[in-house]
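# A closer look at the structure
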Amino acid sequence: MFRYALRRLSSLIISLAVASLVIFLVVEVAPGDPASYMLGINAQPDTVAALRAELGLDVPRYQRYFDWVSGLMRLDFGTSYTYRTPVAEMISDRMRVSLPLAVYALTLSTLIAFPAGIYAASRRGKAGDTAVIGLSQLGVAVPNFWFAMMMVLVFAINLRWFSAGGFPGWEKGFWGGMKALTLPAISLALPQAAILARVMRSSLLDMLDEDFMRTARAKGLSRRHALWKHGVRNALIPVLTILGLQFSFLLAGGIIIEQVFFLPGLGRLVFQSISQRDLIVVESVVMLLVFAVICVNFLVDLAYAAVDPRLRTRT
Amino acid sequence: MKFSAKAVILASAWTLSAGLAQAQTSITVGSQLEPPHLDPTSAAAGAIDNVVYSNIFEGLTRFMADGSVVAGLAESWEISDDGLTYTFKLHDGVTFHDGTGMDAEDVKFSLDRARAEDSTNAQKPLFAGITDVTVIDPLTVQVTLSEPNGNFLFNMAWGDAVIVAPESIETITSNPIGTGAFKFADWVQGDRIEIVRNDDYWGTPAKLESATFKFINDPTAAFGAMMAEDIDAFIGFPAPENLPQFEADPRFTVLVGSTEGETILAINNKMPPMDNILVRQAITHAIDRQAIIDGAMFGYGTPIGTHFAPHNPAYVDLTGNSEYDPEKSKALLAEAGLADGFTTTLKLPPPSYARRGGEIIAAQLRAVGIETEITNLEWAQWLEEAFRGKDFGMTIVSHTEPMDIGIYGNPDYYFQYGTEEFQAIMTELNSTTDPDARNALMADAQRNISENYVNGYLFQLAALGVAKANVVGIWTNQPTQAIDLTAVYWAE
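Residues numbered from 1 in each chain as written. Chains lettered and ligands numbered in written order. Predicted model: local features only at pLDDT ≥ 70, side-chain atom pairs only at ≥ 80, totals over all residues. Heavy atoms only, no water.

Assigned secondary structure in chain A consists of 13 helices and zero strands. For chain A, the N- to C-terminal ordering of α and β elements is α-α-α-α-α-α-α-α-α-α-α-α-α. Structurally, chain A occupies a C-alpha span of about 85 × 55 × 35 Å along its principal axes. Looking at chain A as a whole, 50% of its 315 residues are labelled buried. Counting contacts in chain A only where the partners sit at least 6 residues apart, residues at least 24 apart contribute 75% of the total. Surface accessibility of chain A: about 14,800 Å² in total, with carbon and sulfur atoms responsible for 68%. (Helix = DSSP H or I, 4+ residues; strand = E, 2+ residues; numbered from the N terminus. Buried < 20%, exposed > 50% of the residue type's maximum accessible area, 1.4 Å probe, protein only. Contact = heavy atoms within 4.5 Å. Areas by Shrake-Rupley, 256 points an atom, 1.4 Å probe, with all protein chains shown as cover.)

This part is about unusual backbone geometry. Note that the residue after proline 272 of chain B, namely proline 273 of chain B, is joined by a cis bond; omega there is 0 degrees. Relative to the assigned elements, proline 273 of chain B resides in the loop between β12 (252–267) and α7 (277–285). In the Ramachandran plot, arginine 277 of chain A falls in the positive-phi region, its phi being about 55 degrees despite a non-glycine side chain. Following the sequence through the fold, arginine 277 of chain A ends up in the loop between α12 (266–276) and α13 (279–307).

All names here are of chain B. Bridge count for strand β8 (residues 182–188) against strand β9 (residues 192–197) is six bridges, and the pairing is antiparallel. Pairing of tryptophan 187 across the sheet is with isoleucine 193, part of β9. Here β8 hands over to β9 after three residues, with glycine 190 in that stretch at a positive phi of 90 degrees. (Pairing = 2+ DSSP bridges.)

Residues and elements named next belong to chain B. Pairing within the open sheet is antiparallel, and its four strands lie in the order β4-β5-β7-β6. In the strand order of this sheet, the two ends are held by β4 (74–79) and β6 (130–137), each with one partner. Pairs of neighbouring strands in the sheet enclose a mean axial angle of 20 degrees, with direction left out of account. Across five bridges, β4 lies against strand β5 (residues 85–90) in antiparallel orientation. When the sheet's bridge partners are listed, alanine 74 is paired in β5 with leucine 90. (Axes fitted to C-alpha atoms, helices over the stretch in contact; angles between N-to-C directions.)

Our next topic: the domain arrangement of chain B. Residue and element names in this part refer to chain B. In terms of domain boundaries, chain B breaks down into domain 1 (26–35 + 174–257 + 463–490), domain 2 (63–166) and domain 3 (261–461). Computed from C-alpha atoms alone, the centre-to-centre distance between domain 1 and domain 2 is 28 Å. Taken together, the two surfaces of domain 1 and domain 2 that pack against each other cover about 1,200 Å², and 66% of this comes from carbon and sulfur. When residues of domain 1 are sorted by the area they lose upon contact with domain 2, Ile177, Thr179 and Trp202 head the list and together hold 48% of the total. Between the two partners, domain 1 and domain 2, sit zero salt bridges. The tally of links between domain 1 and domain 2 comes to three residue pairs in polar contact (both at pLDDT 80 or more). Its residues assigned to classes, the side of domain 1 that touches domain 2 comprises six nonpolar, six polar and two charged. (Domains from an automatic or database assignment. Buried area = accessible area lost by both parts, 1.4 Å probe. Salt bridge = Lys/Arg side-chain N within 4 Å of Asp/Glu carboxyl O. Polar contact = N/O pair within 3.5 Å; in protein donor to acceptor, adjacent residues only side chain to side chain. Nonpolar A, V, L, I, M, F, W, Y, C, P; charged D, E, K, R; others polar.)

Turning our eyes to something else, we now look at the side chain of glutamine 364 of chain B. All names here are of chain B. Relative to the assigned elements, glutamine 364 resides in helix α10 (residues 352–367). A polar atom in the side chain of glutamine 364 sits 3.0 Å from the backbone nitrogen of aspartate 288. In this structure, glutamine 364 is in contact with Ala286, Ile287, Asp288, Ala291 and Ile292, ignoring residues within four places of it in sequence.

The next subject is the packing of α7 of chain B against helix α9 (residues 326–335) of chain B. All names here are of chain B. With their axes 8 Å apart at the nearest point, α7 and α9 run at an angle of 165 degrees to one another. The angle between the axes of α7 and α9 places the two elements in the roughly antiparallel class. Seen from above, α7 lies across α9 with left-handed handedness. In this structure, α7 contributes Leu278, Val279, Gln281, Ala282 and His285 to the contact, and α9 contributes Pro326, Lys328, Ser329, Leu332, Leu333 and Glu335. Looking at side-chain class alone, the contact of α7 with α9 contains six nonpolar, three polar and two charged residues. (Parallel < 35°, antiparallel > 145°, perpendicular 65-115°, else oblique. Left-handed = near helix turned anticlockwise from the far one by under 90°.)

Quick look at the pattern of salt bridges now. Throughout the structure, instances matching the rule amount to 29 salt bridges over all chains. A salt bridge links arginine 388 of chain B to aspartate 33 of chain A; the shortest N-O distance between them is 4.0 Å. Of this pair, arginine 388 of chain B sits in helix α11 (residues 379–388) while aspartate 33 of chain A is found in the loop between α1 (2–29) and α2 (34–39), placing the two residues in two different chains. Judged by relative accessible area, which is 43%, arginine 388 of chain B ranks as partly exposed. The salt bridge involving arginine 115 of chain B is made with aspartate 112 of chain B; its shortest N-O contact spans 3.1 Å.

It is worth spelling out the interface of chain A and chain B at this point. In this assembly, 48 residues from chain A lie in contact with 55 residues from chain B. A buried area of about 4,300 Å², summed over both sides, lies between chain A and chain B, and 57% of it is on carbon and sulfur atoms. If you sort the residues of chain A by the area they bury against chain B, Ile41, Asn42 and Phe262 of chain A come out on top, with a joint share of 17%. One can count ten residue pairs in polar contact (both at pLDDT 80 or more) joining chain A with chain B. When contributions to the side of chain A that touches chain B are tallied by element, the ones reaching two or more residues are α2, α3 (45–55), α5 (87–122), α7 (144–158), α8 (174–208), α11 (255–260) and α12 of chain A. Of all the elements, α3 of chain A adds the most residues to the side of chain A that touches chain B, at five residues. Across the side of chain A that touches chain B, the residue classes tally to 23 nonpolar, 14 polar and eleven charged.

On to the nonpolar core, then. Core analysis: the biggest nonpolar cluster contains 150 residues, and Trp68 of chain A together with Ile27, Phe213, Phe237, Phe246 and Leu485 of chain B have the highest contact counts within it. Residue contributions to this core reach at least three from each of two domains, namely domain 1 (26–35 + 174–257 + 463–490) and domain 2 (63–166) of chain B. Setting aside residues up to four positions removed in sequence, phenylalanine 237 of chain B forms contacts with Ala222, Phe223, Asn242, Leu243, Phe246, Leu464, Gly465 and Val466 of chain B. (Core = buried A, V, L, I, M, F, W, Y, C linked by side-chain atoms within 4.5 Å.)

Residues and elements named next belong to chain B. A full pass over the atoms with the stated rule returns 34 aromatic pairs over all chains. Ring geometry for phenylalanine 246 versus phenylalanine 252: centroids 5.1 Å apart, planes at 85 degrees, classification edge-to-face. Of the two residues, phenylalanine 246 and phenylalanine 252, both sit in the buried class. Each ring, one from tyrosine 408 and one from tyrosine 417, has its centre 6.4 Å from the other, and the planes form 70 degrees; the classification is edge-to-face. On the basis of relative accessible area, tyrosine 408 is assigned to the buried category, the value being 0%. Look at tyrosine 417 and you get buried, because its relative accessible area is 8%. Grouped by ring-pair contacts, the aromatic residues Trp379, Trp382, Phe387, Phe392, Tyr408, Tyr413, Tyr414, Phe415, Tyr417, Phe422 and Tyr457 constitute a single cluster. (Phe/Tyr/Trp six-rings, centres within 6.5 Å; stacked < 30°, edge-to-face > 60°.)

Here it is, written out as structure tokens:
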């Protein structure tokens, strides 16, 4: 297990190093200059040059890359060009919204998908199964932003149970924060749950045909009992893969949902920073997301190993 | 079912407590863009002025809602006979929000900072004529100009010319300390900025105790937030298609006013074949302004025939120079030797006037044989490619700075006009202080660019807003980028 973890860890570090270079190059070659963006169309060239110098944009690219990477290693993400505040501070502020939202959405989707998937698999071919398949088909097909807008229309504009969006901040109370995240979390969770339920169902059904399931049935376990005791555990591997992918998606991919509910999350920060050419923020956030994705994958790999002991010895 | 019943009760308890907490001494104002930081003297972002202009920072003079310029921190002024020296008498007893006094030294500091060599003031040309700022006594400051400038008091009213203090300049971007009727209180980045009343204000105190600016970028979300009454007003409402719905709803009023935004189809005057005046004239005759206003702006906007705001007394209606006449347009193209038309680029920045308007213009131009290749650009890309790189055939931009016809005198400005004839008019205008003579010169300038078909002049951008019906005192017009809340209150 230890050697397995070590191997995964070294590939993690290489991935990060490659990612940092790619991110820097991609962001830096995109046309657009943060200083001229900030100063607008009446600014004189010497004013733009003065601001570029003030922001430290006049040093060579490679130098900026090394400064950035060495900063990252010291957990110093630099200072935003447009906001003029430390990037680390901005990211941690936004994480206070994005991370709970992702966890909230993932919890909801798991809570919906697992029972639905298991239920459908145990009722294969029957009405309950068809219903779950139909609903999940709908969930995959309906875009989450449309669903979000519909929820705003119903629950915020007509029923007035929720705000149409915004985030009051955790310091104004835990429940207020959770309430503000509820509609966004549901909008994010439902399509994810639909995918997850389908994967859960088909993966369980694959298990049903396996030899060990037949053995379990043969030794006298009921169909449902065999499914719970032997099927679910084995079916979890593909489900975990999807879950890991979904978490990374939820963390960054909430951009549209954050727009619809005007939440001050990480996705919106990236979106704003890209349009303002706040390069250092874009680079640092993307790097952080890469880091998160790689870490989640690393954890998922470890979880595979926990679920399936054979993986620990295989190279 | 049990669960959902519980949820209903919980949810209604939440809404109830939210309803009770809301008092009528505060207001929540939505606006589309969040400021990058809060220093109006070192960035062009209108979003900064939206929050701080007149609320937090004040200048020597200031704009009123009707666009007039009145005294601000300067109580009065004297102008020397040669028009070169302005002696400002400052209000007594003005303090900054940190308690330090505002005096002539602060004025000198602010003006010198804005015109310094390493200044990052986005409107540095406003201060270009200043040769010296002298403190006479703590309440008197003298500004000397290199040449007479009829616009000087107007220039000093801009958000870029507000008075800041040397004591608090280091932290101005995150903690703005001004002299205004409101003090900065809190900024939750990505969400809102809160300001509270300044009880030590030198002038008429604000009627509201506090105000919150909420930043909602997405048009649909803006509509939802207004409809759900999460916010009390939205200035610069991004979804004009929804305004009729607000108009029909007794809870709201729709605010339609004027802005300083001349929306133009900018033409690259140096790029063939548009370097030929006949071709530019052909382009302008191919354009049906009303169709663009109706199609892209849902009917909000005033047609213009030159680069000047129609609500300005000096405005001349020159739309007749470029009326919609596709046949004439084709004839002009034929005269220019382009009977078969030509192809050029149309580069569009993000605002909806450009993106929606661009599609309509492309169709109108196609009807006379001009093909356009449309490219959608981000602002940063647009600035680099079209504005600085001058790599464009045509583009659509709203020039929102007040009284900015002077840009036509600069041959390096992106549409590259700047003839000597036009420069001569500007030079004379700058040294003229007599109002009638100034108006005549401004009319000459308007005619010059209209008759030379420098650009396609489309329409004056309308200022669109929505507010709760009992909100009083919100600016309808936008003479400068500002959401001035100093006189806003709730009617009973």
